[in-house]
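Structural features, examined
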Amino acid sequence: MSALTLEQEKVLKAWAARYPAPIMGLVEALRQVQRWHRCVTDEDEEYLARLFDVPRVRIHEVATFFPSFTQKPTGRHRIGICRGLSCSLAGSQSMCSCLEKKLGIKEGASTPDGRFSLETMECLGACEQGPALMVNDELKGAATEESISHLLEELE
Ligand code: FES
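Quick caveat: nothing in here was measured; it's all calculated off a predicted structure.

In terms of burial, strand 1 (residues 77–82) is a largely internal element, 6 of the 6 residues being buried. Here strand 1 shows no split at all, with His 77, Ile 79 and Ile 81 on one side and Arg 78, Gly 80 and Cys 82 on the other all buried. Of the pairings in the sheet, the one linking strand 1 to strand 2 (residues 116–121) comprises 6 bridges and is parallel in character. By the bridge assignment for strand 2, Ile 81 is matched with Thr 120. In the sheet, strand 1 pairs with strand 3 (residues 132–135) via 3 bridges, with the strands oriented antiparallel. Counted as the bridge partner of Ile 81 is Leu 133 from strand 3.

Set out below in structure tokens:
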């Protein structure tokens, strides 16, 4: 049983039908599900396995390979700070601590109102802008205490 609504299932079916091989639409389908549920649940994986006619393990492999997809619900604003080597050398740990303090949560958690979640991520491909900060899949450049304060105000 999927927690998707009938309308959402319709969107996914239409998306899958656009491709000569429906499985080609899997990543976009996962993106949609992540947007709707702020995660990809076991039920979602089961539904997608039926939709794409592949074993569920295949869906799970893709859903766990890309950091954009999560198994636990994220906050409405998903904040990621890179923990890769370049960003670590540029001070990502102290920016993570700054975010933890400002948000009042630990890395890996969400604020009680569900507004923000905070996580560390592998290299975001913006090593020259370390410590790289990402919000809702959008790179925000190098994090500083100031830029974090502005960002959180904007996201209120
Ligand atoms: S190490 Fe942080 S973006 Fe590459």
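What the domain assignment reports for the protein is domain 1 (6–65) and domain 2 (77–154). Of note, the centres of domain 1 and domain 2, computed from C-alpha atoms alone, are 28 Å apart.

Turning to helix 6 (residues 92–103), a few remarks are in order. Helix length check: helix 6 (12 residues) gives 16 Å between terminal C-alpha atoms against 16 Å at 1.5 Å per residue, within 8%. Inspection of helix 6 places Ser 92, Met 95, Cys 96, Leu 99 and Leu 103 among the buried residues, and these make up the whole buried set. Buried residues along helix 6 cover an arc of 105° about the axis, so they all sit on one side. In this structure, helix 6 carries Ser 94 and Lys 101 as exposed residues pointing more than 90 degrees from its buried face.

So, about the packing of helix 3 (residues 42–52) against helix 4 (residues 56–65). Where helix 3 contacts helix 4, the axes come no closer than 8 Å and their chain directions differ by 120°. As the angle between them shows, helix 3 and helix 4 are arranged oblique. By crossing handedness, the relation of helix 3 to helix 4 is classed as right-handed. Judged by residue contacts, Glu 45, Glu 46, Leu 48 and Ala 49 of helix 3 engage Arg 56, Ile 59, His 60 and Ala 63 from helix 4. Split by residue class, the contact of helix 3 with helix 4 holds 4 nonpolar, 1 polar and 3 charged.

Moving on: the sheet that holds strand 1. Taken in spatial order, the 4 strands make up an open sheet running 2-1-3-4, and their pairing is mixed. The sheet terminates laterally at strand 2 and strand 4 (138–142), the two strands that pair on one side only. Along the sheet, successive strands turn relative to each other by an average axial angle of 25°, direction set aside. Relative to strand 4, strand 3 runs antiparallel, the two being bridged by 4 bridges.

Our next topic: the environment of Gln 34. Residue position: Gln 34 is located in helix 2 (residues 26–37). Residues Gln 34 and Lys 140, 106 residues apart in the sequence, show an inter-C-alpha distance of 20 Å.

Here the focus is the environment of Glu 122. For Glu 122, the position within the fold is in the loop between strand 2 and strand 3. Of the residues examined, Glu 122 has 11 C-beta atoms within 10 Å and is grouped as exposed. Other than its neighbours up to four places away in sequence, Glu 122 contacts Pro 67, Arg 83 and Gly 84.

Reading guide: rules and limits
Residues numbered from 1 in each chain as written. Predicted model: local features only at pLDDT ≥ 70, side-chain atom pairs only at ≥ 80, totals over all residues. Buried ≥ 20, exposed ≤ 12 C-beta atoms within 10 Å, placed from the backbone. Helix = DSSP H or I, 4+ residues; strand = E, 2+ residues; numbered from the N terminus. Pairing = 2+ DSSP bridges. Domains from an automatic or database assignment. Expected span 1.5 Å × (residues − 1). Arc of directions from axis to C-beta. Axes fitted to C-alpha atoms, helices over the stretch in contact; angles between N-to-C directions. Parallel < 35°, antiparallel > 145°, perpendicular 65-115°, else oblique. Left-handed = near helix turned anticlockwise from the far one by under 90°. Contact = placed C-beta atoms within 7 Å. Nonpolar A, V, L, I, M, F, W, Y, C, P; charged D, E, K, R; others polar.

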